Amino acid sequence: MNLREQLTQLLTLAYVFLSAFVAWKALGLVTNSHSPIVVVLSGSMLPAFDRGDILLLWNRDQQARVGDIVVYEIADKSIPIVHRVLREHHSTEKQLLLTKGDNNMQDDLPLYAKGQLYLNQKTDLVGTAKFFFPKLGYVTILLTENQYFKFGLLGLMGISAVLTSE
Amino acid sequence: MYRTTKTSLNQSKLSKYTDHSSVVALRTEADDNLPQIFAKLGYDQDFSLVDTKLALGYLTVAIAGFLYYLEKNYKFHDTKLVIGGAIFVYCVICGVMLFLSKGSQYKNNKYIGVKNGKKIAVFTLTESAFSPVYQVKVVFGENYESPVETEIPFTKVFDNFGFLNETEFQAHLEKLVAKKNQ
């Protein structure tokens, strides 16, 4: 196999990841969210959302409304949180939000950064949940939480690659 | 699985076994052999189209890498314009690559060669995955309006075990190229 064929095969393989990544970035631009699709990781929003549900976010609303389910990030905490807007205060310039998980006993104040009393709608929100696909994201939970599943899947992919090349 | 075919014994050339129940596999094997067959007919392969597509392809990889770098080092809201520009350039390049693959002058192009300064472009296809007939079209120079065409049943160039009979294949292509002079 010559160099051009090898480069072409490598490019074909790269496109599997490349096209998905660029589509992801384009979706981020359209929705104005750096993470336009998130997987629900906890049961704090039961019965509305369960673990493994996939949410499609939209971050072009001028203001959030009480009752909206929003995804927000707290500084120095990498995992986004999916909770409902419980209370809001707004002026012409900014909007402040207090959130709570439907299945939680109290609001999210203990989850916020030290000294933070409200979320800033403009800077803290990743987006507002507009659509959801039940259970589709459970495979990502299995991949991160279950070592047997992760290595089993990797093994299957390896065997599949070997058999295909034969 | 490899073996030396009867027809190519004197050339010490190994012919590759091909799944002869798969039209796509037969077509791919025939396509893969075009460069060496045309080399025997005195043509030098012209890689300019392949190299252009490769260069554009790796440019899109570089753009994706740049987007990844932005994601890891800058905040999304600070780089939206740059991301938009990069995605626009990516889409334009993909459009050009699509044209170079599917445009009327490029679709199904499997080989471009040059002999004595004259260009030859070879296009091949099979009508469907169930039609074991290799359709070959040869364009001389830029004369895309009047190509020379032929249909070669795979049964004529592959034996019962799925090995390509290169001499037979070369004879068919040689006859096709000679048609131009008639």
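The structure under discussion appears in the preceding block.
Residues numbered from 1 in each chain as written. Chains lettered and ligands numbered in written order. Predicted model: local features only at pLDDT ≥ 70, side-chain atom pairs only at ≥ 80, totals over all residues. Heavy atoms only, no water.

Caption draft 1: A look at the overall build of chain A. From N to C terminus, chain A includes three helices and seven strands. In sequence order, chain A lays out its α and β elements as α-β-β-β-β-β-β-β-α-α. At 20 Å, chain A has a C-alpha radius of gyration far larger than the 15 Å of a compact globule built from 166 residues. For chain A, the residues scored as buried account for 32% of the 166 residues in total. Surface accessibility of chain A: about 10,300 Å² in total, with carbon and sulfur atoms responsible for 64%. Counting 15 positive and 15 negative side-chain charges, chain A places the centres of these two groups 3 Å from one another. (Helix = DSSP H or I, 4+ residues; strand = E, 2+ residues; numbered from the N terminus. Rg over C-alpha atoms; globule rule 2.2 N^0.38 Å. Buried < 20%, exposed > 50% of the residue type's maximum accessible area, 1.4 Å probe, protein only. Areas by Shrake-Rupley, 256 points an atom, 1.4 Å probe, with all protein chains shown as cover. Lys, Arg positive; Asp, Glu negative; His and termini not counted. Charge placed at Lys NZ, Arg CZ, Asp CG, Glu CD.)

Caption draft 2: Broad picture of the sheet that holds strand 4 (residues 109-115) of chain B. Residues and elements named next belong to chain B. Strands sit in the order 3-4-5-6-7 across an open sheet of five strands; the sheet is antiparallel. The strands lining the two open edges of the sheet, one partner per strand, are strand 3 (44-45) and strand 7 (148-153). Across the sheet, helix 1 (residues 23-40) lies against strand 3, strand 4, strand 5 (118-125) and strand 6 (133-140), angled at about 165° from strand 5, the strand it touches most. (Pairing = 2+ DSSP bridges. Contact = heavy atoms within 4.5 Å. Axes fitted to C-alpha atoms, helices over the stretch in contact; angles between N-to-C directions.)

Caption draft 3: Local environment of the state of the cysteines. All names here are of chain B. Taken as a whole and judged by the stated rule, the model has zero disulfides over all chains. Looking at the unpaired Cys-91, the closest cysteine sulfur is the one in Cys-94, lying at 6.4 Å. Cys-91 sits in the partly exposed class, given a relative accessible area of 46%. Using a relative accessible area of 25% as the deciding quantity, one classes Cys-94 as partly exposed. (Disulfide = S-S within 2.5 Å.)

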